[in-house]
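The lines below spell out each chain.
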Amino acid sequence: MVAEAPAIQGNAADDTCGVKLDVFEGPLDLLLFLIRKDEIDVYDIPIADVTRQFLEYVEMMETLHLEYAGDFLVMAATLMKIKSRMLLPADPDADEAEEDPREELVRRLLEYQQFKEVADWLEDRQDSHRDTFYRGAALDTGEIDESEQDPLAAWRSASLFDLMAAFRTALSAAPKVDYHEIHQLEVTTEERMEVVRNVLEESHRVQFSDLVAGLPRIVLIVTFIALLELIKTGQALARQSGSEGEIWVYRRDEDQSVPGGV
C-alpha cells in the first residue's frame, strides 16, 4: 500500500515535511509524563523501563514527522548513559559510596516540576481572577451561563503526550490488512482536517477514540497530524477528565473563552 506523505510544513529543496507546534513540550515534560502515568517514585526511577518508553515516544515523533528539538535526542543519550552506569558493578575498593547515576536527573526533574507547579498556580489564579467581578464592572451573564452548561470546561487540557498515548493505543488497535495487490491510497492532511472539522461542526465535540476508530493505519496517522494542526491553529481543543480519562476533542469557536488544549 502506497500513501501520500502527510505534510504540514514542507521544503521543496529537500522534500522534507513535519509538524511544528508552538507549545511543544520538551524532554523533561515527557519524563514527568511517564513518571506520573506509571505512578513512579521520582527518587527511585526504574531507568531501564523509562528509557524504553522514552525512546518509543521519540520513535513516534519521527513517524509523525514532528519537528522536535535536539534536546530529545540528548536526553535519550543521557538516559542510556545512566542505564549503562547502573549496570556496572560497584567498585568494592572504593573509599566512598558511589553517587547514584540518577541523582542529577532527579534534581533536574524536581526543579523543573517546581517551575511547572508555579506556572500552573499562576494560571489557576488567572482563571480565578477572571471569575471575580468588582462593583460597577460590566458582567457578561451569557458567558457564565455557557461555561456552567459545558461540563467539559472544568476538565484539564490534554498535553501533547496525552494525545500521543491515545494515538499509540489507537495505532495498536488499527486494522491490520494484508494487501496482495499494490495500489495507491492518497490521503492528505487537508482532507483529514476537513473531515475532523465536519465532525465537530455536527456534534461540537467527539471522543478521540471514536474519531479514529476503524481507520487504516496511514489514515489514522494523517488524521492525528490533522488534529494537531487544528489544535495548533486554534480550531480545536483537547480536554481530559484525568490522566487516565478519555480525551475529548472540541470545536473551538472564535469567541470561545474555554482555556486551550495542547
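The model shown is predicted, which means the values in this text are computed figures rather than measured ones. (Residues numbered from 1 in each chain as written. Predicted model: local features only at pLDDT ≥ 70, side-chain atom pairs only at ≥ 80, totals over all residues. Heavy atoms only, no water.)

Student: Any chance you could explain the overall build of the protein here in plain terms?
Tutor: Scanning the protein from N- to C-terminus turns up 9 helices and 8 strands. Split into buried and exposed, the 262 residues of the protein put 35% on the buried side. The contacts of the protein with a sequence gap of at least 6 include a subset with a gap of at least 24, amounting to 72%. Accessible surface computed for the protein: about 15900 Å², of which carbon and sulfur atoms make up 49%. (Helix = DSSP H or I, 4+ residues; strand = E, 2+ residues; numbered from the N terminus. Buried < 20%, exposed > 50% of the residue type's maximum accessible area, 1.4 Å probe, protein only. Contact = heavy atoms within 4.5 Å. Areas by Shrake-Rupley, 256 points an atom, 1.4 Å probe, with all protein chains shown as cover.)

Student: Help me out: how do you make sense of the packing of helix H2 (residues 47-63) against helix H6 (residues 160-173) in this one?
Tutor: Angle between the axes and distance between the axes: these two values describe a pair of packed helices. Orientation of H2 relative to H6, taken along the N-to-C sense of each, is 85°, at an axis distance of 11 Å. For the element pair H2 / H6, the angle class is roughly perpendicular. Residue-level contacts link Glu56, Tyr57, Met60 and Met61 of H2 to Phe161, Met164, Ala165, Phe167 and Arg168 of H6. (Axes fitted to C-alpha atoms, helices over the stretch in contact; angles between N-to-C directions. Parallel < 35°, antiparallel > 145°, perpendicular 65-115°, else oblique.)

Student: Just to check I follow, could you spell out the pattern of salt bridges for this structure?
Tutor: Going through the model one piece at a time under the given rule, you end up with 10 salt bridges. Taking the shortest distance from any N to any O, the salt bridge between Lys37 and Asp38 comes out at 3.2 Å. Lys37 gets classed as partly exposed once you look at its relative accessible area, which sits at 28%. We classify Asp38 as partly exposed; its relative accessible area is 33%. With its nearest N and O atoms 3.1 Å apart, the salt bridge here joins Arg52 to Glu56. In this pair, Arg52 and Glu56 both sit in helix H2, 4 residues apart, roughly one turn of the helix. (Salt bridge = Lys/Arg side-chain N within 4 Å of Asp/Glu carboxyl O.)

Student: What exactly am I supposed to notice about the nonpolar core here?
Tutor: Soluble, globular proteins show a tendency: their nonpolar side chains are buried together. If you look at the biggest cluster of nonpolar residues, it comprises 61 residues, and the most contacted ones within it are Leu30, Leu31, Phe54, Leu109, Met164, Phe167 and Phe208. No other element matches the 12 residues that helix H9 (residues 217-232) contributes to this core. Those residues in contact with Phe167, other than ones at most four positions away along the chain, are Met60, Leu64, Phe208, Leu220, Ile221 and Phe224. (Core = buried A, V, L, I, M, F, W, Y, C linked by side-chain atoms within 4.5 Å.)

Student: Can you help me understand H6 in this one?
Tutor: Residues spaced three or four apart along an α-helix face the same direction, because each turn holds 3.6 residues. Over its 14 residues, H6 extends 20 Å from the first C-alpha to the last, a length consistent with the 20 Å expected when each residue adds 1.5 Å. Buried residues of H6: Leu160, Phe161, Asp162, Leu163, Met164, Phe167, Ala170 and Leu171, and no others. (Expected span 1.5 Å × (residues − 1).)

Student: Whenever I open this one, the packing of aromatic side chains confuses me. Can you help?
Tutor: The way to describe two aromatic rings as a pair is by their centre distance and the angle between their planes. Counting across every chain of the model gives 6 aromatic pairs. Ring centres of Phe167 and Phe224 lie 4.5 Å apart, and the angle between their planes is 25°; on these two criteria the pair is classed as stacked. Of this pair, Phe167 sits in helix H6 while Phe224 sits in helix H9, and the two are 57 residues apart along the sequence. Side by side, Phe167 and Phe224 carry an identical accessibility label, which is buried. On the numbers, 6.1 Å between centres and 80° between planes, the contact of Phe208 with Phe224 is edge-to-face. Taken together, the residues Phe208 in helix H8 (residues 208-212) and Phe224 in helix H9 connect sequence positions 16 residues apart. (Phe/Tyr/Trp six-rings, centres within 6.5 Å; stacked < 30°, edge-to-face > 60°.)

Student: What am I meant to see in helix H7 (residues 189-203) here?
Tutor: Counted at 1.5 Å a residue, the expected span for H7 with its 15 residues is 21 Å, and the 21 Å between its end C-alpha atoms agrees. Those residues of H7 not exposed but buried are Thr189, Arg192, Met193, Val196 and Leu200. Projection of H7 onto a plane perpendicular to its axis shows the buried side chains occupying an angular sector of 105°, all on one side. In H7, the exposed positions that point more than 90 degrees away from the buried face belong to Glu190, Glu201 and Glu202. At its buried positions, H7 is contacted by strand S6 (205-207), H8, H9, strand S7 (236-240) and strand S8 (247-251). (Arc of directions from axis to C-beta.)

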